[in-house]
Amino acid sequence: MGDLTVDASAMHSVASKAKSAAAEFGSERALSEADGGCLGSDVVASAFTSSARAQDAMVRSLGDDADTLSQFVQDAASELEQADAGLAARLG
């Protein structure tokens, strides 16, 4: 079986980038706040509003997913670093 190499700095970088992505999703202006009245037809405005709300929910979901990924990677890196330190202490 081969060696397992874990690059903690890469893991921290991924966590940081996922956190940044979550912040970008969080700062996204809600499309449902746009003025649907400019569309002229109540039916079209209603369809736009429904579509905009679905897109807003998707953006929030992507932000939540990015937060979850960031936390997961950060926790995994921390666990691996602790396990490595524990193994080093046993060998030392």
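First things first, this report covers the structure right here in the doc. The model shown is predicted, which means the values in this text are computed figures rather than measured ones. (Residues numbered from 1 in each chain as written. Predicted model: local features only at pLDDT ≥ 70, side-chain atom pairs only at ≥ 80, totals over all residues. Heavy atoms only, no water.)

Looking only at helices and strands, the chain features two helices and zero strands. In terms of overall size, the chain is more extended than a compact globule, its C-alpha atoms giving a radius of gyration of 22 Å where 92 residues would be expected to give roughly 12 Å. With the principal axes as the frame, the chain shows a C-alpha extent of 75 × 25 × 15 Å. By residue count, 15% of the 92 residues in the chain fall in the buried class. Looking at the chain alone, contacts between residues at least 24 apart form 77% of all its contacts between residues at least 6 apart. About 6,900 Å² of surface is accessible on the chain, with carbon and sulfur atoms providing 56% of the total. Side chains of the chain carry 6 positive and 15 negative charges; the gap between the two charge centres is 3 Å. (Helix = DSSP H or I, 4+ residues; strand = E, 2+ residues; numbered from the N terminus. Rg over C-alpha atoms; globule rule 2.2 N^0.38 Å. Buried < 20%, exposed > 50% of the residue type's maximum accessible area, 1.4 Å probe, protein only. Contact = heavy atoms within 4.5 Å. Areas by Shrake-Rupley, 256 points an atom, 1.4 Å probe, with all protein chains shown as cover. Lys, Arg positive; Asp, Glu negative; His and termini not counted. Charge placed at Lys NZ, Arg CZ, Asp CG, Glu CD.)

Okay, helix α2 (residues 42-91) next. Between its first and last C-alpha atoms α2 spans 73 Å; for 50 residues at 1.5 Å apiece the expected length is 74 Å, and the two agree. Considered for burial, the residues of α2 that qualify are Ala45, Ala52, Asp56, Val59, Gly63, Ala66, Ser70, Val73 and Ala77. Elements that come into contact with the buried residues of α2 comprise α1 (8-27). If you check the start of α2, you find a side-chain oxygen 3.2 Å away from the backbone N of Val43, and it comes from Ser41. (Expected span 1.5 Å × (residues − 1). Polar contact = N/O pair within 3.5 Å; in protein donor to acceptor, adjacent residues only side chain to side chain.)

Another point: a nonpolar patch on the surface. Taken together, the side chains of Leu4, Val6 and Leu80 make up a nonpolar region of the molecular surface, amounting to roughly 300 Å² of accessible area. For Leu80, the position within the fold is in helix α2. Look at Leu80 and you get partly exposed, because its relative accessible area is 38%. (Patch = residues over 30% accessible without salt bridge, like charges linked within 9 Å, V, L, I, M, F, W, Y side chains within 5 Å. Salt bridge = Lys/Arg side-chain N within 4 Å of Asp/Glu carboxyl O.)

Attention now moves to the environment of Leu69. Checked against the element boundaries, Leu69 lands in helix α2. Between the alpha carbons of Leu69 and Met58 there is a distance of 16 Å; along the sequence they are 11 residues apart.

On to α1. When the terminal C-alpha atoms of α1 are compared, their 29 Å separation across 20 residues agrees well with the 28 Å that a helix rising 1.5 Å per residue should span. Of the positions making up α1, those classed as buried are Met11, Ala15, Ala18 and Ala22. Buried residues of α1 fall within an arc of 65° about the axis and therefore sit on the same side. More than 90 degrees from the buried face of α1, the exposed residues found are Ser9, Lys17, Glu24 and Ser27. Next to the buried residues of α1 lie α2. (Arc of directions from axis to C-beta.)

Our next topic: the environment of Ala10. Considering the arrangement of structural elements, one finds Ala10 in helix α1. A C-alpha to C-alpha distance of 10.0 Å links Ala10 and Val73, two positions 63 residues apart in sequence.

These results come straight from atomic positions and should not be treated as a statement about function.
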